[in-house]
Amino acid sequence: MKPKQFLIGLAVLTLLTLMPALFRANSAPTPEIPSVIRARALELVDDHGRVRAELKVFPAQPALKMPDGTTGYPESVLLRLINSKGGPDIKLTATEDGAGLVIGGESGYVQILSRGTNLPIVKLVAKDGREQVVKLP
């Protein structure tokens, strides 16, 4: 066999071998998207690695002293949206006996709470400590 015929045959064989790979490169399969993500917590971070949002499940804390004097806090799910300074501007929680929402900013915060057998309340708190509570009569 002549060297020229050998090189032509080798080139054709190489081309035939690479053709399936070339055709597959143009028709990349769509990656499969999972229908459910299971985790105990999710965190979103910004370009600097700071946590800016989190969604977590917290276990019950039977010995926790609450501001109203009661003891214990049930298992809860908490969503926090955090500003660039690290402060949670929005907190939304769901527990076995109700829910709460806090929306905060530099001037103060608003708390909406509906838990247990107590009537729901809305509390407005200014940065200087002044507060007003709205309760149903």
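Residues numbered from 1 in each chain as written. Predicted model: local features only at pLDDT ≥ 70, side-chain atom pairs only at ≥ 80, totals over all residues. Heavy atoms only, no water.

S.K.: I'd love a proper account of the pairing of strand β3 (residues 61-65), names of residues and values included.
M.R.: Along any regular strand the residues' side chains alternate between the sheet's two faces. Where burial is concerned, little of β3 is hidden: 0 out of the 5 residues are buried. Direction of pairing for β3 relative to strand β4 (residues 71-73): antiparallel, over a ladder of 2 bridges. Within β4, the residue paired with K65 across the bridge is T71. Hairpin connection between β3 and β4: a loop of 5 residues separates the two successive antiparallel strands, and G69 in this loop has a positive phi of roughly 95°. (Buried < 20%, exposed > 50% of the residue type's maximum accessible area, 1.4 Å probe, protein only. Helix = DSSP H or I, 4+ residues; strand = E, 2+ residues; numbered from the N terminus. Pairing = 2+ DSSP bridges.)

S.K.: Go over the pattern of salt bridges with me, naming the residues and quoting the values.
M.R.: Using the criterion set out here, one finds 7 salt bridges in the structure. D46 serves as the salt-bridge partner of R50, at 2.9 Å between the closest nitrogen and oxygen. Among the residues examined, R50 registers a relative accessible area of 38% and is labelled partly exposed. Between K56 and E54 there is a salt bridge, and its shortest N-O distance comes to 3.6 Å. Taking relative accessible area as the criterion, K56 reaches 25% and is therefore assigned partly exposed. In this structure E54 comes out as buried when scored by relative accessible area, which is 10%. Taken together, the salt bridges that share partners define one network made up of D46, R50 and R52. (Salt bridge = Lys/Arg side-chain N within 4 Å of Asp/Glu carboxyl O.)

S.K.: Before we move on, could you go through the sheet that holds strand β5 (residues 76-82) and cite the residues and values that matter?
M.R.: Taken together, the 8 strands give an open sheet; going across it, the order is β1-β2-β5-β6-β7-β8-β9-β10, and neighbouring strands pair in antiparallel fashion. Two strands bound the open sheet, and with one partner strand each, they are β1 (41-45) and β10 (131-135). Across the sheet, the axes of successive neighbouring strands diverge by a mean angle of 10°, strand direction being ignored. By the bridge criterion, 6 bridges tie strand β2 (residues 51-58) to β5 in an arrangement that is antiparallel. Each residue of the ladder has a partner; that of V57, found in β5, is V77. (Axes fitted to C-alpha atoms, helices over the stretch in contact; angles between N-to-C directions.)

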